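# Geometric and topological summary
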Amino acid sequence: MLITTRPLPLAAALAAVSFAVAAAPARADELANLINAWRTAPGTCDGRPAPPVERLAVEPALSRIRIGPGTFLESALQDAGYQAEHAEAITVSGPPDARAALDAIGQPYCRTLRAAEFAAIGTAHVGTEWQIVLARPVVIPPLPDWPAAGQDILALVNAARARPRTCGTRTFGPAGPLAWNPLLGRAALAHSTDMAQKHYFNHEQPDGSLPADRATAAGYRWVRVGENIASGQRTPEEAVASWLDSPGHCANIMNPAFTEMGAAYAINPRNRNRTAYWTQVFGTPL
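Residues numbered from 1 in each chain as written. Predicted model: local features only at pLDDT ≥ 70, side-chain atom pairs only at ≥ 80, totals over all residues. Heavy atoms only, no water.

## Some points on the environment of I253
For clarity, the threshold we go by: The helix and strand labels rest on DSSP assignments: H or I over at least four residues marks a helix, E over at least two residues marks a strand, and numbering proceeds from the N terminus. Between two residues, a contact is recorded if the distance between any of their heavy atoms is within 4.5 Å.
Along the chain, I253 turns up in helix α10 (residues 247-254). Those residues within four positions of I253 in sequence are excluded, and the remaining contacts are V157, A160, R161, N228, W243, L244, Q280 and F282.

## Details of the packing of aromatic side chains
Under the convention used in this document: Pairing of aromatic rings covers Phe, Tyr and Trp, the last through its six-membered ring, and needs centres within 6.5 Å; plane angles under 30 degrees mean stacked, over 60 mean edge-to-face, and all others mean tilted. Residue burial is assigned from relative accessible area. The probe radius is 1.4 Å, only protein chains are included, and a residue is buried under 20% of its type maximum, exposed over 50%, and partly exposed in between.
Under the definition given, this model contains 2 aromatic pairs. Relative to F282, the ring of F258 lies with its centre 5.2 Å away and its plane at 25 degrees, an arrangement referred to as stacked. Of this pair, F258 sits in the loop between α10 and β14 (260-267) while F282 is found in strand β15 (residues 276-285), placing the two residues 24 residues apart along the sequence. Each member of the pair F258 and F282 is classed as buried. Look at Y265 and W278: their rings are 5.2 Å apart centre to centre, the planes differ by 40 degrees, and that puts the pair in the tilted class. Taken as a pair, Y265 in strand β14 and W278 in strand β15 lie far apart in primary sequence, 13 residues in all.

## Some details on the sheet that holds strand β12 (residues 179-180)
In plain terms, the rule: Any two strands with at least two DSSP bridges between them are considered paired. Lines fitted to C-alpha atoms define the axes here, with helix axes fitted over just the stretch in contact, and angles between the N-to-C directions of these axes take values from 0 to 180 degrees.
Reading across from one edge, β12-β14-β15-β13 is the order of the 4 strands in this open sheet, with mixed pairing throughout. Only two strands of the sheet have a single neighbouring strand rather than two, namely β12 and β13 (222-231). Of the strand pairs in this sheet, β13 and β15 are connected by 9 bridges, and their pairing is antiparallel. Bridge assignment links A230 to a residue of β15, and that residue is W278. Contacts from helix α6 (residues 146-161) reach β12, β14 and β15, with the element oriented near 135 degrees to β14. Against the sheet, helix α7 (residues 182-198) makes contact with β12, β13, β14 and β15, and its axis sits at roughly 30 degrees relative to β14, the strand it touches most.

Nothing here speaks to function; it is all geometry.
This is the structure:
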């Protein structure tokens, strides 16, 4: 009997028993249900009495994970359409049924199977090859609509501008607050939407248009225009924090020559990861 386990922080490679899982094996949940029953009454762990712990959600997507030599668990989770903050996999070769598989791993891996950081489980098997994937899913907070998110970004940016700040090697004193400009907000939304729909990340759109072109197309008459973009952040707070951590983006935020801004985000509804594309456009009007 061969048991393989890897704690799998998401960028780690997984070296395990070669394992191919057919889509939704008929008895895929049997081992998960047995593990859940064991979690509620484990008896002992490492030779000591173990209190019961909460059941795990049985997640079909985790049963679709394919694990093999050289597999990256992060990639396997993405292929299965599952976002995890932390995951771990155990494979066992030899047990003839689910009960025997649990008997094989229950005590050697009792701490892993009882770990509080996991909230979901998926299991699968082919013959006497068994796989267990434990995970804690990413919880994506709901975003406000884009105008409200833009106003949140404006407030965060003005709070940042109110104090001195060093952006890389450049030092900025406090700058006056920016005013919201709906035309710049429209330009920001147009670019975020274009990036989300066409799945790219660049200040230049595929048609060659640049931030100043988009501001002009929105009807904004300008002396100066700047733009920050970001992708993947889950909240306005995360987006602004990422810009402030980047010298060039931070310099745009702190630039006292800018007096107005607009901001927006967009998500392609077909994107299963719900990736948000953020755009912030700065302006100095004529």
